[in-house]
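Examining the three-dimensional arrangement
As a plain string of letters, each chain reads:
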Amino acid sequence: MAFVVFAIGAWAQGVSALEQLKADPRKAYGTDYPYTFTTEKLTKAPKGYKPFYISHYGRHGSRYYWNAFLYRELDSLLTMAHRKQLLTADGEAFYEKFEAAKDELSTGVSELTDLGWEQHQRIARTMYNNFPEVFKKGGNVLAIASLSGRCVISMSGFCQELVQCNPKIEIREQSSRFTLDGVVPDDRQNPVRRDFPSPKPRFEQHRDQFKGVEKLRETVISRTFKSTDGLPGNLHHIGSNLINLYTSLPNIGHEGMMGNLITDEEVASEWEGANLGSYSWLFPRQYVVIPILQDIIKKADAVLDGSSNRIADLRFGHDDRLGPLHILMGINGADRDPEDPYEVKNCYQNWETCKACNIQLIFYRKGRNNDDVLVKCLLNGREASLPVPTDSYPYYKWSDFRQFYNDRCKLSSSSSHQTDK
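Residues numbered from 1 in each chain as written. Predicted model: local features only at pLDDT ≥ 70, side-chain atom pairs only at ≥ 80, totals over all residues. Heavy atoms only, no water.

Brief notes about the environment of Ile252
The condition that has to hold: Here a helix means four or more residues in a row that DSSP labels H or I, a strand means two or more in a row labelled E, and each is numbered from the N terminus. Contacts are assigned to residue pairs with any non-hydrogen atoms lying within 4.5 Å of each other.
Looking at where Ile252 falls in the secondary structure, it is placed in helix α9 (residues 235-252). Once the C-alpha coordinates of Ile252 and Lys97 are considered, the two residues, 155 residues apart in sequence, prove to be 14 Å apart. Non-local contacts of Ile252, meaning those with residues more than four positions away in its chain, are made with Arg63, Tyr64, Tyr71, Glu104, Leu105 and Thr113.

Overview of a positive patch on the surface
To keep things clear, this is the line we draw: Note that patches include only residues with greater than 30% relative accessible area and no salt bridge, and the join distances are 9 Å for like charges and 5 Å for nonpolar side chains (Val, Leu, Ile, Met, Phe, Trp, Tyr). Using a 1.4 Å probe, the Shrake-Rupley method yields the accessible areas, and only the shown protein chains count as cover for residues. When a carboxyl oxygen of Asp or Glu lies within 4 Å of a side-chain nitrogen of Lys or Arg, that pair is called a salt bridge. For the purpose of charge, His is not counted, nor are the chain termini; Lys and Arg are scored as positive and Asp and Glu as negative. In plain terms, the charge of a residue is placed at NZ if it is Lys, CZ if Arg, CG if Asp and CD if Glu. Between buried and exposed lies partly exposed: a residue is buried under 20% and exposed over 50% of the maximum accessible area for its type, with that area taken using a 1.4 Å probe on protein chains only.
Taken together, the side chains of Lys44, Lys50, Lys136, Lys137 and Arg368 present a region of like positive charge at the surface. Looking at the element boundaries, Lys44 is found in the loop between α2 (17-23) and β1 (49-59). What makes Lys44 exposed here is its relative accessible area of 76%.

Here's the deal with the pairing of strand β5 (residues 358-366)
Keep this limit in mind: For two strands to be treated as a pair, DSSP must find at least two bridges joining them.
Judged by how many residues are buried, β5 sits mostly within the fold: eight of nine residues are covered. Examined bridge by bridge, β1 and β5 share nine bridges and lie antiparallel to one another. Bridge pairing in β5 places His56 opposite Gln360. For β5 and strand β6 (residues 374-379), the ladder comprises six bridges, and the chain directions are antiparallel. Bridge pairing in β6 links Leu361 to Cys377.

Considering unusual backbone geometry
Along the chain, Tyr393 connects to Pro394 via a cis peptide bond; the corresponding omega equals 5 degrees. Examined against the element boundaries, Pro394 turns out to sit in the loop between β7 (382-384) and β8 (395-397). One non-glycine residue, Ser110, lies in the positive phi region at around 75 degrees. Considering the arrangement of structural elements, one finds Ser110 in the loop between α4 (89-108) and α5 (114-130). Of note in this structure, Asp337 is not a glycine but carries a positive phi near 50 degrees. Relative to the elements of secondary structure, Asp337 occurs in the loop between α13 (319-328) and β5. A relative accessible area of 12% places Asp337 in the buried class.

Some remarks on the packing of α5 against helix α7 (residues 149-165)
We count it as follows: In this description, a line fitted to the C-alpha atoms serves as the axis of each element, helices being fitted only across the stretch in contact, and the angle between N-to-C directions of two axes falls anywhere from 0 to 180 degrees. Working rule for angles: under 35 degrees goes down as roughly parallel, over 145 as roughly antiparallel, 65 to 115 as roughly perpendicular, anything else as oblique. The handedness criterion is simple: a crossing whose near helix is rotated anticlockwise from the far helix by less than a right angle is left-handed, and one whose near helix is rotated clockwise is right-handed. For this classification, the nonpolar set comprises Ala, Val, Leu, Ile, Met, Phe, Trp, Tyr, Cys and Pro, the charged set comprises Asp, Glu, Lys and Arg, and every other residue, Gly included, is treated as polar.
Relative to each other, α5 and α7 sit at 40 degrees, their axes nearing to 8 Å. With respect to their mutual orientation, α5 and α7 come out oblique. As α5 packs across α7, the resulting crossing turns out to be right-handed. Residue-level contacts link Trp117, His120, Gln121, Ile123, Ala124, Arg125, Met127 and Tyr128 of α5 to Ile153, Ser154, Ser156, Gly157, Phe158, Gln160, Glu161, Leu162, Gln164 and Cys165 of α7. Split into classes, the residues belonging to the contact of α5 with α7 amount to nine nonpolar, seven polar and two charged.

A few points about the side chain of Asp75
Under the convention used in this document: Here a polar contact means two N or O atoms within 3.5 Å. Within protein one must be a hydrogen donor candidate and the other an acceptor candidate, and residues neighboring in sequence count only if both atoms are side-chain atoms.
Mapped onto the secondary structure, Asp75 falls in helix α3 (residues 69-83). Of note is the side chain of Asp75, whose polar atom sits 3.3 Å from the side chain of Lys102. Those residues in contact with Asp75, other than ones at most four positions away along the chain, are Phe98, Glu99 and Lys102.

Okay, here's the thing in structure tokens:
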């Protein structure tokens, strides 16, 4: 059975990570990668089954950089280098474009961009068009978001589009301490916040075996500056800031600002090491998001037992919750936790935690028979595998799904506490 599930996962992912990267080097931007839309042919449901309910978790859309330090530090660095005539010709061109945009950048720190709004509107319309049976009669929807403005506005864009698709849909939007456990359980303002251990991925014990390429920082520095003597910051930090700005630019409408200082192919050449960093960051947080998975199960149960009449539950949060949820659920094998660092790329790719990334669980049943419910998982609009036994991929029996993940939440908590001790 384990082999069958693994084989399904490999088939679902289809093309290898490195082949995908070769086809689209921008995927190397990882969590900065803007959401892309493709036409996906979804597998027809088994005979007689119709979708009736959707449970969703989405990251906010494209935004300006998440903190002000990047823009401030680059402003100080470039201004000083300009005054000391330490910039190359390409560096000077970059400096002029950065200076022209810096007021906008510093004002926009962490806020959603127009692209972020449009991403969520299009995701909502795609959901509506893919599963019209869920929405055609209208009905009640609950949407919850973190207390972050970019998540609230993402939620608003998504919900407005659903209502435009069908004005009979009634949506309650909520960004409140009362609902934090279902979207950002570790928020300090969550009144029922719990502490969870932080397990390390197994590959960390063998990380010294990974021989990745790390030349881009030096390359971009040499293209930008004639010399860095007397400039603030160490070279590693300067190089990282320049790369972080570059990968963020498509999200804020400033592509081309850095000219030829960096190329997508160069970023892609170092992706595998960056992906290891993402897995190291997200893997330990998987237990933190157990309340989100429990919220998904609880709300679906309420729909099935008739205590809730909602047709959808929507959640809007952050990459450091959706990424761990992706791992906790083992979507496309993300929970495999390999010992070999070179295997990590085959179970998790950080571009799947891109801007506006989302997990959708689509529920199906025959007539109104709640004893025979199927569920399908979509990751960023594509059918995804789960580590739950099934003979009808991509469909899973809800009873199996529910039992598997209830057990996983319990086992994860107990085993992590033992490890922590």
